[in-house]
Amino acid sequence: MKVILAQPRGFCAGVVRAIEIVEKALEKYGAPVYVRHEIVHNKYVVESLKAKGAVFVKELHEVPAGAVTVFSAHGVARSVQDEAKARELPVLDATCPLVTKVHNQGRRYVGQGRTLVLVGHAGHPEVVGTLGQVNGPVHLVQTIEDVGTLPLPLDTPIAYITQTTLSVDDTKHIIDELRERFDDVVGPDTRDICYATQNRQAAVRTLTAMVDVLLVVGARNSSNSNRLRDVGEEAGVPSYLVDDGSEVDPAWLAGARTVGLTAGASAPEVLVDSVIDALRKIEPVEVALLDGTEENITFNLPFQLRQQTPAHEKAAPSAA
Ligand code: SF4
């Protein structure tokens, strides 16, 4: 069996930064460090950080007074930032800078007097955070059909922003529908969809022309991983999302000579390796790498973690 690895795949710059923030916080301030929500959507990553002393909580009231607190890569609503401030919690913000960019853009559009439409998935933490970062009403649109039921006069000046991890194609169709229905619509097209999501989807699109089956390593609750599976399915290739090699079902591979393998932006390479090991248990495997876009984007750590602090001078970051 030939296995072709998508390029790029796996960790993006926002995920690398978020994990490094928790690891460096543990090094600098000592355990425990409290993390609000899964730092990124991957159980393996979360369990590894738990083993090093991170404590994951759903809400800030679970964080003891004065404890170092990290916000996840997906971003948070203003109300969460305000609560942390009121409680004087020392906060390290692991919100991906590309998510923060969307928040800023949304606020700018509202400041220009436009009605804001957010294209995204209800309940996803990034969407919850973005809705809570903008003053004033934001209309959430998940499908083309939702555009038709927006309770807005057709001459309303509209601006849209999008979740960073959507399907490029689905989003384009929704934006086209918005432009079709309303007279005055501005927005960034699909540029809010981050470089990592775009590059991983483009690689899968190329891969689908070459493979019989597509395996995507990623968590069930990872938006960008689900979209990679969708891209495979839309191209007519049977596509499966797996946490790791233990979930590979040999029945999926019956008759397949070439298997495509990719990973969502929050899935570590060790889990891709575990899938290759699982395939090797089924039959001999030859691994090839797809030619693809090289990524060299990195994001700075929060200033509190940029300087080295001698162990005897450990001090928590200042309150948010
Ligand atoms: Fe940031 Fe994109 Fe990675 Fe999300 S997927 S953390 S927006 S780089």
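One can find the structure itself at the top, above this paragraph.
Overview of the structure. (Residues numbered from 1 in each chain as written. Predicted model: local features only at pLDDT ≥ 70, side-chain atom pairs only at ≥ 80, totals over all residues. Heavy atoms only, no water.)

1. Remarks on helix α10 (residues 269-282)
Which entries qualify depends on this criterion: Helix and strand assignments come from DSSP, with helices taken as H or I runs of at least 4 residues and strands as E runs of at least 2, each series counted from the N terminus. Expected span of a helix, by definition, is 1.5 Å for each gap between consecutive residues, and there is one gap fewer than residues. Any two residues whose heavy atoms approach within 4.5 Å are treated as being in contact.
Over its 14 residues, α10 extends 20 Å from the first C-alpha to the last, a length consistent with the 20 Å expected when each residue adds 1.5 Å. Along its buried surface, α10 packs onto β1 (2-5), α2 (43-52), β10 (213-217), β11 (239-242), β12 (258-263) and β13 (286-289).

2. Things to note about the site of the ligand
Selection rule: Residues are classed as near a molecule or strand on a simple rule: at least one heavy atom within 4 Å of it. Under the grouping applied here, Gly and all other residues not named as nonpolar or charged are polar, the nonpolar ones being Ala, Val, Leu, Ile, Met, Phe, Trp, Tyr, Cys and Pro and the charged ones Asp, Glu, Lys and Arg.
Neighbouring the ligand are C12, G14, C96, L98, T164, T165, C194 and Y195. By residue class, the composition of the shell around the ligand is five nonpolar, three polar and no charged.

3. Describing the packing of aromatic side chains
Heads up, the condition is: The criterion for an aromatic pair is that two Phe, Tyr or Trp rings (for Trp, the six-membered ring) have centres within 6.5 Å, with stacked assigned to planes under 30 degrees apart, edge-to-face to planes over 60 apart and tilted to the rest. Burial classes follow relative accessibility: with a 1.4 Å probe on protein chains only, a residue under 20% of its type's maximum area counts as buried, one over 50% as exposed, and anything between as partly exposed.
Following the criterion strictly, the structure yields one aromatic pair and no others. Measuring from ring centre to ring centre gives 4.1 Å for Y240 and W252, while their planes differ by 0°; the resulting arrangement is stacked. In this pair, Y240 is assigned in strand β11 and W252 in the loop between β11 and β12, connecting sequence segments twelve residues apart. Assessed through its relative accessible area of 22%, W252 is described here as partly exposed.

4. Focus: the environment of Q304
The topology assignment puts Q304 in the segment after β13. The class of Q304 is buried, set by a relative accessible area of 12%. Sequence separation of Q304 and N224 is 80 residues, and the distance between their C-alpha atoms is 29 Å.

5. Examining the sheet that holds strand β4 (residues 69-71)
Put simply, the rule is: A strand pair is defined by DSSP finding two or more bridges across the two strands. Note on method: axes are straight lines fitted to C-alpha atoms, helices fitted across the in-contact stretch only, with angles between N-to-C directions ranging 0 to 180 degrees.
Across the sheet, four strands lie side by side as β3-β2-β4-β5; this open sheet has parallel pairing. The sheet is open, and its two borders are formed by β3 (54-57) and β5 (91-93), each paired with just one other strand. Taking each pair of neighbouring strands and ignoring which way they run, the sheet shows an average axis angle of 25°. As paired strands, strand β2 (residues 33-36) and β4 are joined by three bridges and run parallel to one another. What sits directly across from V35, in β4, is V70.

6. Considering the sheet that holds strand β6 (residues 115-119)
Working definition: the strands of a sheet are paired by backbone hydrogen bonds and lie parallel or antiparallel to each other. Spatially, the four strands line up as an open sheet ordered β7-β6-β8-β9, and their pairing is parallel. Two strands bound the open sheet, and with one partner strand each, they are β7 (138-141) and β9 (184-186). Looking at each pair of strands side by side, their axes are set apart by 30° on average, direction ignored. With five bridges joining them, β6 and strand β8 (residues 157-162) adopt parallel strand pairing. When the sheet's bridge partners are listed, V117 is paired in β8 with Y160. On top of the sheet, helix α4 (residues 97-111) reaches β6, β8 and β9; it is set at about 175° to β8, its chief contact. Relative to β8, helix α7 (residues 168-181) is tilted by about 175°, and along the sheet it contacts β6, β7, β8 and β9.

7. A look at the pairing of β2
Which entries qualify depends on this criterion: By convention a crossover is right-handed if, when the strands point away from the viewer, the path from the first strand over the helix to the second runs clockwise.
The side-chain alternation of β2 yields two buried faces, one formed by V33 and V35 and the other by Y34 and R36. Bridge count between β2 and β3: four bridges; the pairing is parallel. Bridging from a neighbouring strand, Y34 pairs with V55 of β3. Following the chain from β2 across α2 to the adjacent parallel β3, one finds a crossover that is right-handed.

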